[in-house]
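Each chain, letter by letter, is given below.
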Amino acid sequence: MTTVATVPEETDSPYALSHLDALESEGVHIFREVAGEFERPVILFSGGKDSIVMLHLALKAFAPAAIPFSLLHVDTGHNFPEVIEYRDRVVAEHGLRLHVASVQEYIDAGKLRERPDGTRNPLQTVPLTEKIQSERFDAVFGGGRRDEEKARAKERVFSLRDEFSQWDPRRQRPELWNLYNGRHAPGEHVRVFPLSNWTELDVWQYIAREKIELPQIYFAHEREVFQRSGMWLTAGDWGGPKDDETVEKRLVRYRTVGDMSCTGAVDSDAITLEAVIREIAASRLTERGATRADDKLSEAAMEDRKREGYF
């Protein structure tokens, strides 16, 4: 009788990395790679869960030394107060330098004009790209993930932007064997996405494993909201609610955070990380597809904005 040798499953090996360990290792590698290749990197940090995980990876990548990057937030002026409070507290706690590109300042200066629908998310592009140019950032970390949206699924981990911060999908570079090409001409820069291969569920499981603090807006709480275009929006000075929109108090939470005018809450009673993870595991909609009105403007809304310089 012939015995056929079998290769043990990866999980049988005492040296195999878990799924989350592999994602963490990849993220740490990307941060260190950028530190070695670029002169003036910056991390986009809004106080949202993806940027929080990204900052956590950066802290791990360079511990016990300080992070060799500053942070950048494009402030729409219509942010959730809980998230801005969290952002400022984290910056102070770790002694980080925060650059803020203010949409409101551009509106006040007449460089941008308010949209009829009140949303300022599409207005972030000009402040973002001009801040990158004025500070001469040559690598910009973003928390985009491929599972969020079709245009983001097209991006490489290192995504080249031209001298106008525009994205051309035809200039994508191969990234075989996790080899990243950061070469760029003067005036160009590279957008870097350490969480590209993560899913929303991965992010939440990692947050639970690492015991990472989040703004309480991500957990179920009572909030006064009104319904518009099938989403529960928070009232604010951005233009909501209208006369025919009724405000009511509901138990909700946010799956993603952004401009208050286009980020919807979801009905939820998940007040713990474990409950949130169960909820996400059962969902068949991405957080952007379910709660971001700016992505519902057209099938190509995100890709159009990315071509102009948006993340």
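Per an unreviewed UniProt entry, the protein goes by Sulfate adenylyltransferase subunit 2 and derives from Streptomyces ureilyticus. Quoted verbatim from the Sequence similarities (unreviewed entry) field of UniProt, the annotation for the protein is "Belongs to the PAPS reductase family. CysD subfamily."

### Side note on the layout of surface pockets
Summary: where empty space remains is shown by rolling a probe the size of a single water molecule over the atoms. Of the volumes computed, that of the second largest pocket is approximately 230 Å³. In this structure, the second largest pocket is lined by 13 residues; those nearest its centre are His-56, Leu-59, Tyr-86, His-94 and Ile-212. Counting only elements with at least two residues in the lining of the second largest pocket, the list comes to helix 2 (49-62) and helix 3 (81-94). Of all the elements, helix 3 adds the most residues to the lining of the second largest pocket, at five residues. Taken together, the residues of the lining of the second largest pocket sort by class into seven nonpolar, two polar and four charged.

### Considerations on the sheet that holds strand 2 (residues 70-75)
Pairing is mixed in the open sheet, where six strands are placed in the order 3-2-1-4-6-5. Each edge of the open sheet is held by one strand with a lone partner, namely strand 3 (98-102) and strand 5 (158-161). Sheet twist, expressed as the mean angle between neighbouring strand axes with direction ignored, is 30°. Relative to strand 6 (residues 189-192), strand 4 (residues 139-141) runs parallel, the two sharing three bridges. Residue pairing across strands places Ala-139 opposite Val-190, the latter belonging to strand 6.

### Describing the nonpolar core
With 62 residues, the main nonpolar core has Phe-31, Ile-43, Val-53, Phe-141, Phe-158 and Trp-204 as its most contacted residues. The leading source of residues in this core is helix 2, at eight residues. Each residue touching Ile-43, except ones within four places of it in the same chain, is listed here: Phe-31, Met-54, Ala-58, Ile-67, Phe-69, Ser-70, Leu-71, Leu-72 and Phe-141.

Conventions used here
Residues numbered from 1 in each chain as written. Predicted model: local features only at pLDDT ≥ 70, side-chain atom pairs only at ≥ 80, totals over all residues. Heavy atoms only, no water. UniProt positions renumbered as here; feature names shortened; annotations may be inferred. 1 Å grid on protein atoms, 1.4 Å probe; cavity = no way out; pocket = protein on both sides within 12 Å on 5 of 7 lines; lining within 4 Å. Points joined across faces, edges and corners; volume = space filled by probe spheres on them. Helix = DSSP H or I, 4+ residues; strand = E, 2+ residues; numbered from the N terminus. Nonpolar A, V, L, I, M, F, W, Y, C, P; charged D, E, K, R; others polar. Pairing = 2+ DSSP bridges. Axes fitted to C-alpha atoms, helices over the stretch in contact; angles between N-to-C directions. Core = buried A, V, L, I, M, F, W, Y, C linked by side-chain atoms within 4.5 Å. Buried < 20%, exposed > 50% of the residue type's maximum accessible area, 1.4 Å probe, protein only. Contact = heavy atoms within 4.5 Å.

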